[in-house]
Number of protein chains: 2
Amino acid sequence: MITFYSERQLEHCGVTEVLSGEVVSSFECPERVDQVLNRLRERSLGDILAPESFSLDTACRVHTPDYVEFLQTVWPRWHQMYPDTTQAIPYCFAVRGLAPRCPDHVEGQLGYYSLDMTASIVPGTWNAIKAAMDCALAGQQHIAGGARSVFSLCRPPGHHATADQMGGYCYLNNAAIAAQAYLDSGCKKIAILDVDYHHGNGTQSIFYDRDDVLFLSLHADPAQDYPHYWGYADETGVGPGEGFNLNLPLPINRTDWSLYRQALDKALAAIQSYGAEVVIVSLGLDTFEQDPISFFKLKSDNYLELGQLIAGLNLPTQFVFEGGYATGALGLNTVNVLEGFSGR
Amino acid sequence: MITFYSERQLEHCGVTEVLSGEVVSSFECPERVDQVLNRLRERSLGDILAPESFSLDTACRVHTPDYVEFLQTVWPRWHQMYPDTTQAIPYCFAVRGLAPRCPDHVEGQLGYYSLDMTASIVPGTWNAIKAAMDCALAGQQHIAGGARSVFSLCRPPGHHATADQMGGYCYLNNAAIAAQAYLDSGCKKIAILDVDYHHGNGTQSIFYDRDDVLFLSLHADPAQDYPHYWGYADETGVGPGEGFNLNLPLPINRTDWSLYRQALDKALAAIQSYGAEVVIVSLGLDTFEQDPISFFKLKSDNYLELGQLIAGLNLPTQFVFEGGYATGALGLNTVNVLEGFSGR
Ligand SMILES: [Zn+2]
Ligand SMILES: [Zn+2]
């Protein structure tokens, strides 16, 4: 299986987040991809290629053009206003209630386009965002060219990013952009299977009123964990999208492979009856028992079986990297999914 | 003029906020009221009385009961989950987009009930919130009993708090609760004149669809300053409230007394033609030229004239303390308004 990866994704670094009232180093760090690359090479899974540079046209079909423009320009604007700070972090947000307006002020815009405090901006952030998107689109082209599978090693991740909001370490929604690219090249039905520990609220919201993308997410019950406000089982889509959004929330602390697999079987059956032409897997590894911010109990061997079960769909499959913060085991667990899929 | 004040309001202390990616001491600090108390005594403006304790019934008529319950219980719940932290601060928010749900998890709820990062919770926060509300309701009773004016020295402030969101250092909306108490005791038309530097988005949202409270706010253009997403001139109310919300945004950096006074004249004329029976003044002093987080250019003498002009309405008037962070001049400026009103 070929992997698409760009070193420019490491330029998003030195990032912090706010946790329980303190500023701490972000769990979403460059070391994450190092671990995965090392394991890919160790196992000789396949070539690791740098993607070509794609235009932003497809990104602007799932994101609003003003948001994409904002992401490209926010750092220089912020730096001009606050030259002594090393990163841009919002402090106020366009929350539910009276319809919020987008202000002119860069710090106000930062909050307007944010879900939370976890998507800070440093000088290299846009280069990394763009390179991650390129990995997603290069993977899509590879599948469209006839490959059975591909791994887009995207960082920063994407599944929390909505049409015009960053958050949960995500900026552009790499999986959603890939899905749109399949549709734009002639596919009619795409499935996105999100196996990250956290609900893919961004992907859900982008396709919530559409029937050309079936979104399925297995994740921690949002009543108990991030993203908290979305991801409940009764969110099934709206309008033409009704019935094309399947949330399978699972209880924190007691979800092991046995419980997880029951939900996965439901999701895989739904993909088959939908008649998807391509499956995009939002591949988060934070379901692992040792993940520092998560509460499922999957073990490393379970990821081999996860890959096998996905392979059982017998569909062209694009793996798009999402979360996973137990850095030491992240390479093993990620590559286990890919090797399980490949039948190795 | 009598002042209502409780020492319990000082129990909300040691609070921090996030600013440009760093955790810093909150500008909204207990020293603020010390300065005002000193000046009140120095000028012998009138008695300073502790309020009696009021029930939460009126608060629950402008806030949702679940929010009031949350405010009362959040600290012990947070402390049980995170025993090693000294305050509760949210990191994710129920932002615009797909309808957000209120989760069970205390940290998720903290974000659900928040506008931003500036309303953190420490052990004494609820006591202070409740005491500030008591000051507002004691002031209301005093006016209802026949007084021409009163000063409710509320801290924490209130005008950013919506029916179920805290933010901008505000938790319960003291001015809105007082307004509701006047209505509940037989008044038909109340005006709330908000002269804080920042738009009173909480008060606006609480009364946005009602015609029994005319809300008028002079404030920094939200395109350029907090609260950024609300406070624009075309927000005029909705349904029965249409025409009963008057926003007068003013440009940052160049708003001096001359420009300010033109807007004030409009607001005072609107109060007169409305036929208000009582005026509540949301009295923020962050319009001062030396305020550390604001950009208007009012001078200390201007506050005397501000008080005189409000007195010209010839209506029973309750002053409710809001923002103002130039601590050294805060006593002088606040008491200047009250003395200008009293014709001293
Ligand atoms: Zn995750
Ligand atoms: Zn203010």
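Please refer to the structure higher up on the page.
Positions within a chain are numbered from 1, following the residues in the order the chain's sequence is written. Each chain is given a letter, starting from A, and each ligand a number, starting from 1, according to the order in which they appear as written. With pLDDT at 70 or above as the cut-off, local features in this predicted model cover only qualifying residues; side-chain atom pairs require 80 or more to be listed or tallied, and sums for whole chains, interfaces and linings still use all residues. Here the side-chain values reflect all heavy atoms present in the structure, with hydrogen atoms and water set aside.

What about the packing of aromatic side chains?
Residues and elements named next belong to chain A.
Alright, step 1. Aromatic rings from Phe, Tyr and Trp, with only the six-membered ring used for Trp, were paired whenever their centres fell within 6.5 Å, and each pair was classed as stacked if the ring planes differed by under 30 degrees, edge-to-face if by over 60, and tilted otherwise. On inspection of all chains with the given rule, the structure shows 31 aromatic pairs over all chains.
Alright, step 2. Where F288 meets Y303, the ring centres are 6.5 Å apart and the plane angle is 55°; that geometry is what we call tilted. Of this pair, F288 sits in the loop between β9 (278-283) and α9 (300-311) while Y303 sits in helix α9; the two residues are 15 residues apart in sequence, bridging distant segments of the chain. For the pair formed by F288 and Y303, the shared burial category is buried. For helices the rule is a DSSP run of H or I covering at least 4 residues; for strands it is a run of E covering at least 2, with both sets numbered from the N terminus onward. Accessibility here uses a 1.4 Å probe with only protein chains present; expressed as a share of the type maximum, an area under 20% marks a residue as buried, one over 50% as exposed, and anything in between as partly exposed.

Some words on the side chain of R210(B)
All names here are of chain B.
Alright, step 1. Relative to the helices and strands, R210 resides in the loop between α7 (201-207) and β7 (213-220).
Alright, step 2. Here the side chain of R210 touches Q180 through a polar contact of 3.0 Å, side chain to side chain.
Alright, step 3. Polar side-chain contacts of R210 include one of 3.1 Å to the side chain of D212. By the criterion applied in these results, polar contacts are pairs of N or O atoms within 3.5 Å in which, for protein atoms, one can donate a hydrogen and the other can accept it, and in which residues neighboring in sequence qualify only through two side-chain atoms.

Thoughts on the sheet that holds strand β10 (residues 317-321) of chain A
All names here are of chain A.
Alright, step 1. We call two strands paired when DSSP finds no fewer than two bridges between them. With parallel pairing, the eight strands of this open sheet are ordered in space as β4-β1-β5-β10-β9-β6-β7-β8. Edge positions in the sheet fall to β4 (48-49) and β8 (245-250), since each has one partner strand and no second.
Alright, step 2. With five bridges joining them, β9 and β10 adopt parallel strand pairing. Each bridged residue has a counterpart across the sheet, and for I280 the counterpart in β10 is Q318.

Details of the packing of helix α8 (residues 257-274) of chain B against helix α9 (residues 300-311) of chain B
All names here are of chain B.
Alright, step 1. An axis is simply a line fitted to the C-alpha atoms; with a helix, the fit covers only the stretch in contact. Between two such axes, the angle follows the N-to-C directions and lies from 0 to 180 degrees. Packing of α8 against α9 brings their axes to within 11 Å, and their N-to-C directions diverge by 15°. Judged on the interaxial angle alone, α9 and α8 are roughly parallel. When you trace α8 past α9, the crossing you get is right-handed. On α9, the residues that touch W257, R261, L264 and L268 of α8 are N302, E305, L306, L309 and I310.
Alright, step 2. Residues belonging to the contact of α8 with α9 are distributed by class as follows: six nonpolar, one polar and two charged. For classification purposes, an angle smaller than 35 degrees is called roughly parallel, one larger than 145 roughly antiparallel, one from 65 to 115 roughly perpendicular, and anything else oblique. Crossings are assigned a handedness: left-handed for a near helix turned anticlockwise from the far helix by less than a right angle, right-handed for a clockwise turn. The contact rule is simple, with two residues in contact once any of their heavy atoms fall within 4.5 Å. Each residue gets one of three labels, nonpolar for Ala, Val, Leu, Ile, Met, Phe, Trp, Tyr, Cys and Pro, charged for Asp, Glu, Lys and Arg, and polar for the others, Gly among them.

Some remarks on the coordination of the zinc ion (ligand 2)
Residue and element names in this part refer to chain B.
Alright, step 1. Shown as donors are all N, O and S atoms within 2.8 Å of a metal ion, widened to 3.2 Å for Na, K and Ca; because water is not in the atom set, sites may appear incomplete. Within the first shell, the zinc ion (ligand 2) binds the protein through D196 (OD), H198 (ND1) and D286 (OD), at distances of 2.0 to 2.1 Å.
Alright, step 2. Here the donor residues for the zinc ion (ligand 2) map to a single chain with the spacing D-x1-H-x87-D. Of the two residues, D196 sits in the loop between β6 (190-194) and α7 while D286 sits in the loop between β9 (278-283) and α9, which places them 90 residues apart along the sequence.
Alright, step 3. What makes D196 buried here is its relative accessible area of 1%.
Alright, step 4. Exposure remark for D286: the relative accessible area of 0% places this residue in the buried category.

Quick notes on the side chain of H12(B)
Residue and element names in this part refer to chain B.
Alright, step 1. Position of H12 among the secondary structure elements: in the loop between β1 (2-4) and β2 (16-19).
Alright, step 2. Here Y171 takes part through its side chain, which lies 3.5 Å from a polar atom of the side chain of H12.
Alright, step 3. When neighbours within four sequence positions are excluded, H12 is seen to be in contact with E28, P30, S120, V122, G124, T125, A128, R155, P156 and Y171.

Points about the environment of R32(A)
All names here are of chain A.
Alright, step 1. Within the element layout of this structure, R32 appears in helix α1 (residues 31-42).
Alright, step 2. Along the primary structure R32 and F151 are separated by 119 residues, whereas in three dimensions their C-alpha atoms are 15 Å apart.
Alright, step 3. For R32, the contacting residues outside a window of four places in its chain are F27, R155, F321, E322, G323, G324, Y325, T327 and L330.
Alright, step 4. Within the structure, R32 has its side chain in polar contact with the backbone oxygen of G324 (distance 2.7 Å).

Remarks on the interface of chain B and chain A
Alright, step 1. With 49 residues of chain B in contact, the opposing surface of chain A contributes 49 residues.
Alright, step 2. Around 4,400 Å² of area is buried between chain B and chain A when both sides are counted, 58% of it from carbon and sulfur atoms.
Alright, step 3. The term buried area denotes the loss of accessible surface (1.4 Å probe radius) that occurs when two parts are joined, taken as the sum for both partners. Contact with chain A buries area across many residues of chain B, yet Y91(B), R96(B) and Y229(B) alone supply 21% of it, more than any other trio.
Alright, step 4. For the salt bridge of D164(A) with R96(B), the shortest nitrogen-to-oxygen distance reads 3.0 Å.
Alright, step 5. Counting across the chain B and chain A interface gives 30 residue pairs in polar contact (both at pLDDT 80 or more). Counted as salt bridges are all cases of a side-chain nitrogen of Lys or Arg within 4 Å of a carboxyl oxygen of Asp or Glu.

Observations concerning the sheet that holds strand β5 (residues 149-152) of chain B
Residues and elements named next belong to chain B.
Alright, step 1. Across the sheet, eight strands lie side by side as β4-β1-β5-β10-β9-β6-β7-β8; this open sheet has parallel pairing. Across the chains shown, the open sheet's two edge strands, defined by having one partner strand only, are β4 (48-49) and β8 (245-250).
Alright, step 2. Sheet topology places β5 next to strand β10 (residues 317-321); four bridges connect them, and they run parallel. Looking at the pairing, S152 lines up with V320 of β10.

Any link to function would need more than the numbers given here.
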